[in-house]
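# Understanding the architecture of this molecule
So you can see what is in the structure, the chains are spelled out below.
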Amino acid sequence: MMKKALQISFLLFLIIFSFLIFSCKKDTQINNDPSVKLILSTESILFDTVFSTLGSITKMFSVKNPTNDNIVISSIHLANGASSQYAMNVDGVAAQNIKDVEIAPNDSIFIFVKVTVDPQNSNSPMVVKDSIIFELNGNVQDVDLIAWGQDAHYIVADHSLGNYLRYKIVAAENQNNTWINDKPYLIYGYAVVDSMGKLNIDPGCRIHFYSNSGLWVYKYGSVKVNGTINEPVTFQGSRLEAEYKELPGQWDRIWINEGSSDNVFNYAIIKNGFIGIQAETMSTAEDNRLILKNTIIKNMTGIGLLSRYYKIIGGNSVIANCGGYAMALTTGGSYDFRHCTIGNYYDYSTRETPSLLVTNYYENPVSQVIYTGDLDSAYFGNCIIYGSNTEELIRDSVTDAAYNYKFENCLLKCTNQAASSKFVNCIFNQDALFNNTGNNDYTLKPGSGAIDAGNINIINSSILDLLLDIKGNNRTLNPPPDLGAYDYQP
């Protein structure tokens, strides 16, 4: 009897428990109320300028069910259908039109969208529009899609050097080619100026590099960048969206070899790569010369300006915010920099190297072989070398090669001031007081030690015309001149 009573009690418990469970569970219902509207996290999706054929980044928005019941969106589709230049993905399903999308009570789905612009053979940007249409219970809602597309000159690698470097020749042997400012230039791989070839780049040209791409001026070739104060020539990555505007590491480098004495960069902006300019001899010492004037190199994950036994003349130039050295002058050479600003406040990672390195040797990091070369001269006049590290200047040398350098009327962040005869009228470790290093603004604030600290003779003895600063201000109106590329403007 006792056992039977326990069985009956357990059976009654199961019946009561099941009743309670099912009485608490609400039947799933589909809300068909025509007044219900979706909550869209945005009314429109905007894409910055996108190169035709390249494709944009992917953007996302959410669609929320605001009710306590299930809803079924009868259709989510692109208004332009199969002819749309946009691609849509709804919660992992890619399609132009998706039917009967169910959303649980107070839940959301996510929609991802990107655009690929068809070429139009147009020099001007074009507007590409579409919309995503939502149909729910007879109501129609939409999210506008807007993108600006841009055609370009496409330079696509068609040769390879080994397994790692792909390239296309843009100025062949004895050719003198010019890039004009009509459409941007988009480079996949390396654009190569061959031996004895010449490449001229007109004012205002916009040159964009795909990942791991660059410009290579081969032995005895030359490049002349002819920017102006109002139309600088820009070198940067291929992504034009706002989040890529100042992002380092998007492309490789500009690489210049020996044998040419007329490589010139005037009013150029070189940004967001791995190495800005690498100037080096590959075999023998030649009459190399690179002239940098009114040029800005910034936001490199590696080095801004790397030289190996080269001759470089620089004036009114800014080299800033690099993950390694801003400027590395190695294996000797000959250098003359006047009214240049070297400012390194790189904050994408920890920087362990100084802003400026000057040596008469180079050690191969793999083979550990040391190559040496005479440093005939490394002159810095009316310059600023500053940054966020304690030590921003390293001088290092070996004894079997010449090592000559001089800093005159410079503001330096440098704790090692040995060989004081090499520093003439210099200011040490006094804050340069740049206006906004986070925005790469290296103009001077009031009270900067660089104001009125220059020497007019350094301007007068330069082979470059440095009477005007990089912004066109006359730095000789109120002598003495200020240090760096920017004359202080009250």
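For the structure itself, consult the block above.
First, a word on scope: everything that follows refers to the structure included in this document. Given the structure is predicted, the values throughout are model-derived calculations rather than measurements.

A few words now on the overall build of the chain. The helix and strand inventory of the chain stands at two helices and 43 strands. Its C-alpha atoms give the chain a radius of gyration of 31 Å, clearly above 23 Å, the size a compact globule of 490 residues would have. Considered along the principal axes of its C-alpha atoms, the chain spans approximately 110 × 65 × 55 Å. Taking all 490 residues of the chain together, 50% fall into the buried category. Long-range pairs, those at least 24 residues apart, make up 65% of the contacts in the chain between residues at least 6 apart in sequence.

Scanning the model with the defined rule gives eight salt bridges in all. Taking the shortest distance from any N to any O, the salt bridge between glutamate 280 and arginine 308 comes out at 2.9 Å. Of this pair, glutamate 280 sits in strand E25 (residues 275-280) while arginine 308 sits in strand E28 (residues 303-315); the two residues are 28 residues apart in sequence, bridging distant segments of the chain. Across this residue pair, the class does not change: glutamate 280 and arginine 308 are buried. Glutamate 392 is paired through a salt bridge with arginine 351; the nearest N and O atoms lie 2.8 Å apart. With glutamate 392 in the loop between strand E36 (384-387) and strand E37 (393-396) and arginine 351 in the loop between strand E31 (341-344) and strand E32 (356-359), this pair connects stretches of sequence that are 41 residues apart. The class of arginine 351 is buried, set by a relative accessible area of 6%.

Right, let's talk about the environment of aspartate 151 for a bit. You can see aspartate 151 is positioned in the loop between strand E10 (139-150) and strand E11 (153-156). Overall, aspartate 151 belongs to the buried group, its relative accessible area being 3%. Side chain to side chain, aspartate 151 and serine 52 meet in a polar contact 2.8 Å long.

Let's shift gears to the packing of aromatic side chains. Considering all chains together, one arrives at 21 aromatic pairs under this definition. Summarising the aromatic geometry, the rings of tyrosine 405 and phenylalanine 423 are spaced 6.5 Å apart at their centres and angled 70° between planes, so their arrangement reads as edge-to-face. Here tyrosine 405 is found in strand E38 (residues 403-408), whereas its partner phenylalanine 423 is found in strand E40 (residues 423-424), with 18 residues between them in sequence. The exposure classification of tyrosine 405 matches that of phenylalanine 423, with both residues buried. An aromatic cluster is defined as three or more aromatic residues linked by ring pairs; in this entry it consists of Phe337, Phe380, Tyr403, Tyr405, Phe407, Phe423 and Phe428. Of note, lysine 59 hangs over the ring of phenylalanine 47, and the distance from its end group to the ring centre comes to 5.4 Å. A cation sits over an aromatic face here: arginine 308 above tyrosine 362, 4.1 Å from the ring centre.

This next bit is on the sheet that holds strand E3 (residues 59-64). Hydrogen bonds along the backbone pair up the strands of a sheet, which may run parallel or antiparallel. Strand order across the open sheet formed by five strands is E1-E3-E8-E5-E6, with antiparallel pairing between neighbours. Each edge of the open sheet is held by one strand with a lone partner, namely strand E1 (39-40) and strand E6 (93-94).

Once that is clear, we can look at the sheet that holds strand E9 (residues 126-136). Pairing is mixed across the open sheet formed by five strands, whose spatial order is E2-E10-E9-E4-E7. Whereas interior strands pair on both sides, the edge strands pair on one side only; in this sheet they are strand E2 (44-51) and strand E7 (97-103). For this sheet, the mean inter-axis angle between neighbouring strands, taken without regard to orientation, is 20°. Alignment of E2 against E10, held across six bridges, turns out to be parallel. The residue of E10 that forms the bridge with phenylalanine 51 is glutamine 150.

With omega at 0°, the peptide bond leading from proline 479 into proline 480 counts as cis. Within the chain, asparagine 137 stands out as a residue other than glycine whose phi angle is a positive 55°. Mapping asparagine 137 onto the fold places it in the loop between E9 and E10.

Under the criterion given, the structure shown has one cavity of 30 Å³ or more. Taken together, the elements giving at least two residues each to the lining of the largest cavity come down to strand E30 (327-338) and E31. For the lining of the largest cavity, the class distribution of residues is six nonpolar, three polar and no charged.

The subject of this paragraph is the nonpolar core. Within the largest apolar cluster, 59 residues are counted, with the highest numbers of intra-cluster contacts made by Trp179, Phe235, Phe265, Phe380 and Phe407. For this core, the leading source of residues is E30, giving four residues. Leu38, Phe47, Ile98 and Ile109 belong to the second largest nonpolar core, which has 31 residues in total.

Attention now moves to the pairing of strand E20 (residues 222-226). Of the pairings in the sheet, the one linking strand E17 (residues 198-201) to E20 comprises four bridges and is parallel in character. In the sheet register, asparagine 200 faces E20, and the bridge partner there is lysine 224. Pairing between E20 and strand E23 (residues 263-266): three bridges, direction parallel. Looking across to E23, one finds that asparagine 226 is bridged to asparagine 266.

A cluster of nonpolar side chains, namely Leu46, Val127 and Trp148, defines an oily patch on the protein surface of about 270 Å² accessible area. Examined against the element boundaries, tryptophan 148 turns out to sit in strand E10. Residue tryptophan 148 is classed as partly exposed on the basis of its relative accessible area of 35%.

The volume enclosed by the second largest pocket comes to roughly 200 Å³. Residue composition of the lining of the second largest pocket, grouped by class: nine nonpolar, two polar and three charged.

We now examine the side chain of glutamine 141. Locating glutamine 141 in the fold gives a position in strand E10. Since its relative accessible area comes to 15%, glutamine 141 is described here as buried. Of note is the side chain of glutamine 141, whose polar atom sits 2.8 Å from the backbone nitrogen of leucine 38. Discounting chain neighbours no more than four positions away, the residues touching glutamine 141 are Lys37, Leu38, Leu40, Ile132, Ile133 and Phe134.

Conventions and cut-offs
- Residues numbered from 1 in each chain as written.
- Predicted model: local features only at pLDDT ≥ 70, side-chain atom pairs only at ≥ 80, totals over all residues.
- Heavy atoms only, no water.
- Helix = DSSP H or I, 4+ residues; strand = E, 2+ residues; numbered from the N terminus.
- Rg over C-alpha atoms; globule rule 2.2 N^0.38 Å.
- Buried < 20%, exposed > 50% of the residue type's maximum accessible area, 1.4 Å probe, protein only.
- Contact = heavy atoms within 4.5 Å.
- Salt bridge = Lys/Arg side-chain N within 4 Å of Asp/Glu carboxyl O.
- Polar contact = N/O pair within 3.5 Å; in protein donor to acceptor, adjacent residues only side chain to side chain.
- Phe/Tyr/Trp six-rings, centres within 6.5 Å; stacked < 30°, edge-to-face > 60°.
- Lys NZ or Arg CZ within 6 Å of the ring centre and 35° of its normal.
- Pairing = 2+ DSSP bridges.
- Axes fitted to C-alpha atoms, helices over the stretch in contact; angles between N-to-C directions.
- 1 Å grid on protein atoms, 1.4 Å probe; cavity = no way out; pocket = protein on both sides within 12 Å on 5 of 7 lines; lining within 4 Å.
- Points joined across faces, edges and corners; volume = space filled by probe spheres on them.
- Nonpolar A, V, L, I, M, F, W, Y, C, P; charged D, E, K, R; others polar.
- Core = buried A, V, L, I, M, F, W, Y, C linked by side-chain atoms within 4.5 Å.
- Patch = residues over 30% accessible without salt bridge, like charges linked within 9 Å, V, L, I, M, F, W, Y side chains within 5 Å.
- Areas by Shrake-Rupley, 256 points an atom, 1.4 Å probe, with all protein chains shown as cover.

Note that every value here comes from positions in space, so none of it alone points to a role or purpose.
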